[in-house]
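Coordinate analysis (summary)
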Amino acid sequence: RQRQMCIRDSFIATDPKYERRGAATLLVRRALEQCNKERVPLILEGTLNAIPFYMRLGLVDEGSISMDLEGIESKHGSSLYEERLFVFKPRPVVN
């Protein structure tokens, strides 16, 4: 199987004191511009709370990633950690 180049953004987070000011949107849009320029997809993981944010920016929710964090319990009593896998594919080239 041949490998395909992609851009991968990891660990994007905003300090709660600075949320909702556009910093994350600016970072992701910049990555999307680079993907379109280089004709490569963007792949990233996001928390369940971030699903609407990434979908608003045009990324597609491709599935879940989960892991059991043994010995660590959340306020819900579960130790299952879940994220979503998001993918953006660049626009096709129009001749």
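If you're wondering where the values come from, they're calculated on a predicted model, not measured in any experiment. (Residues numbered from 1 in each chain as written. Predicted model: local features only at pLDDT ≥ 70, side-chain atom pairs only at ≥ 80, totals over all residues. Heavy atoms only, no water.)

1. Quick look at the sheet that holds strand E3 (residues 60-68)
Read from one edge of the open sheet, four strands run E1-E2-E4-E3, paired in mixed fashion. Where the open sheet ends on each side, the last strands, each with one partner, are strand E1 (7-9) and E3. This sheet shows a mean twist of 25° between the axes of neighbouring strands, independent of strand direction. With six bridges joining them, strand E2 (residues 42-47) and strand E4 (residues 80-88) adopt antiparallel strand pairing. Among the inter-strand pairings, glycine 46 is bridged to a residue of E4, identified as arginine 84. Contacts from helix H1 (residues 23-38) reach E1, E2 and E4, with the element oriented near 170° to E1. (Pairing = 2+ DSSP bridges. Helix = DSSP H or I, 4+ residues; strand = E, 2+ residues; numbered from the N terminus. Axes fitted to C-alpha atoms, helices over the stretch in contact; angles between N-to-C directions. Contact = heavy atoms within 4.5 Å.)

2. Quick notes on the environment of leucine 59
Note on placement: leucine 59 falls in the loop between helix H2 (51-56) and E3. Not counting chain neighbours up to four residues away, the residues in contact with leucine 59 comprise Val28, Leu32, Leu42, Leu44, Tyr54, Phe86, Val87 and Phe88.

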